[in-house]
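# Structural overview
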Amino acid sequence: MFLYILALVVLLYIYRWFRELKRVPNKSEKYVYITGCDSGFGNLLARHLDSLGFSVIAGCYTEKGEDELKKACSTRLSTVPLDVTNNDSIRKATEIIRKLVGERGLWAVVNNAGVSVPSAPNDWLVIDDFMHMINVNLNGVIAVTLSVLPLIKKAKGRVVNVASVFGRVSPFGGPYCVSKYGVEAFNDSLRMNMVHFGVKVLCIEPGFFKTSVTDTKLLENSIQKLWERLPQDVKNDYGSDYMDRVKVMMKEKFVKMLDGDLMKVVSCMEHAVSAVHPRTRYSPGWDAKFFWLPLSYMPTCIADALLSKNVVKPKVASL
Ligand SMILES: NC(=O)c1ccc[n+]([C@@H]2O[C@H](COP(=O)([O-])OP(=O)(O)OC[C@H]3O[C@@H](n4cnc5c(N)ncnc54)[C@H](OP(=O)(O)O)[C@@H]3O)[C@@H](O)[C@H]2O)c1
């Protein structure tokens, strides 16, 4: 009996593998708009899709990002200056895209732009600390998507949202997890809304990868600044050696968790854009597949116990 079940599972996997191999035709006629192309996944995805023959429209935060990408890619690739927190910038980018795609419509938007600081225990923060990141990571995703949705409906295309495993579990304070949970919610409701129009909505939930958002120096500097502005009673709660313990944890644990193979994420993004039968969700990274996602299905008490083993605890900790 066990062997029959095993054979059935293997057959289902083989069937899925074959089904997912098929790619969409006429790539050069398909326009793909990607946000946050200056660095990291977005930059690599722009280059990769360009090399596969797609017509990439790369949204770049900086002029330098635009110049470097243009030099590295074919003439099919165009760039647009884009700040996803600025409505005017989004509107101008949409106008350029509308002219470029014409009657074909837009094949895909990849909502990739994101930031990761400030991240710290919630009692260190004020509401303004939440606003900027939520504006980039969540409101930016919604605003960019809505701005090009009519063009995507025209092409019966795709919306690809880059969330995170931290849209499933929330092991640290600050706006990052809040924003990524929001992306998941927007993604899921949009998927249900758009199915009637032949538009697919796909979500990428990467684990830890080595990019600017996980840069230890950036994260350490940001948390150090937040520490320095804390009132003395909160510092006392956490202990005078708290920052030293955070730095040790970053050096000894966090850095070792980072996967340097960004293509694991970019291949998932490419599949979401180009496969005839894309997956609804992608979880690139071993940590995502074997730790964070299983953790997200566990009872809260077990998940909390597992997570709290590895966090840097305040001095007054009662656990
Ligand atoms: N790396 C990971 O482990 C990981 C895991 C899960 C999810 N993610 C998500 O993956 C996405 C890409 O991040 P990444 O890891 O590739 O890091 P990254 O290299 O920092 O890429 C983020 C990009 O977004 C751009 N950006 C920042 N603010 C912007 C704004 N207001 N408007 C437009 N663009 C803006 C950045 O430009 P500048 O470089 O000029 O600032 C950068 O090019 C993010 O949504 C992130 O949350 C990353």
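See the structure printed just above.
Residues numbered from 1 in each chain as written. Predicted model: local features only at pLDDT ≥ 70, side-chain atom pairs only at ≥ 80, totals over all residues.

What follows covers the overall build of the chain. Secondary structure summary: the chain contains twelve helices and seven strands in total. Taken along the three principal axes of its C-alpha coordinates, the chain extends 65 × 60 × 35 Å. A burial count over the chain gives 37% of its 319 residues as buried. (Helix = DSSP H or I, 4+ residues; strand = E, 2+ residues; numbered from the N terminus. Buried ≥ 20, exposed ≤ 12 C-beta atoms within 10 Å, placed from the backbone.)

This next bit is on the pairing of strand S6 (residues 200–204). In terms of burial, S6 is a largely internal element, five of the five residues being buried. Side-chain alternation along S6 places Lys-200, Leu-202 and Ile-204 on one buried face and Val-201 and Cys-203 on a second face that is also buried. Considered for its hand, the β-α-β crossover made up of strand S5 (residues 158–162), helix H6 (residues 175–194) and S6 is right-handed. The pairing of S6 with strand S7 (residues 281–282) spans two bridges and is parallel. By the bridge assignment, Ile-204 is partnered in S7 with Tyr-282. (Right-handed = clockwise from strand over helix to strand, strands pointing away. Pairing = 2+ DSSP bridges.)

Take the site of the ligand next. Residues in close proximity to the ligand total 27 residues, the closest being Gly-36, Gly-40, Gly-114, Thr-211 and Ser-212. Broken down by element, the residue count for the shell around the ligand peaks at three residues, all from helix H2 (residues 40–52). (Near = placed C-beta within 6 Å.)

Relative to each other, helix H4 (residues 87–101) and helix H5 (residues 127–155) sit at 25 degrees, their axes nearing to 10 Å. If you check the angle between H4 and H5, you find them roughly parallel. The hand of the H4/H5 crossing is right-handed. Where H4 approaches H5, its residues Asn-87, Ile-90, Arg-91, Thr-94, Ile-97, Arg-98 and Val-101 are matched on the opposing element by Ala-143, Val-144, Ser-147, Val-148 and Leu-151. (Axes fitted to C-alpha atoms, helices over the stretch in contact; angles between N-to-C directions. Parallel < 35°, antiparallel > 145°, perpendicular 65-115°, else oblique. Left-handed = near helix turned anticlockwise from the far one by under 90°. Contact = placed C-beta atoms within 7 Å.)

Another point: the sheet that holds S5. Ordered by their spatial adjacency, seven strands build an open sheet running S3-S2-S1-S4-S5-S6-S7, and the pairing between neighbours is parallel. Strand pairing shows two members of the sheet lacking a second neighbour, strand S3 (78–81) and S7, which therefore form its edges. Against the sheet, H4 engages strand S1 (31–34), strand S2 (55–60) and S3, with an angle of about 155 degrees to S3.

Next up on the list: unusual backbone geometry. Residue Pro-118 follows Val-117 across a cis peptide bond; omega there is 10 degrees. Mapped onto the elements, Pro-118 comes out in the loop between strand S4 (108–111) and H5. Its identity as a non-glycine residue notwithstanding, Lys-156 has a phi of 45 degrees, on the positive side.

Judged by nonpolar contacts, the single largest core of 68 residues is most densely connected at Val-32, Leu-106, Ile-204 and Met-269. Element by element, the count of residues in this core is highest for H5, at eight residues. Excluding its chain neighbours within four sequence positions, the residues that come into contact with Val-32 are Leu-49, Phe-54, Val-56, Ile-57, Trp-107, Ala-108, Val-110 and Val-273. (Core = buried A, V, L, I, M, F, W, Y, C linked by C-beta atoms within 7 Å.)

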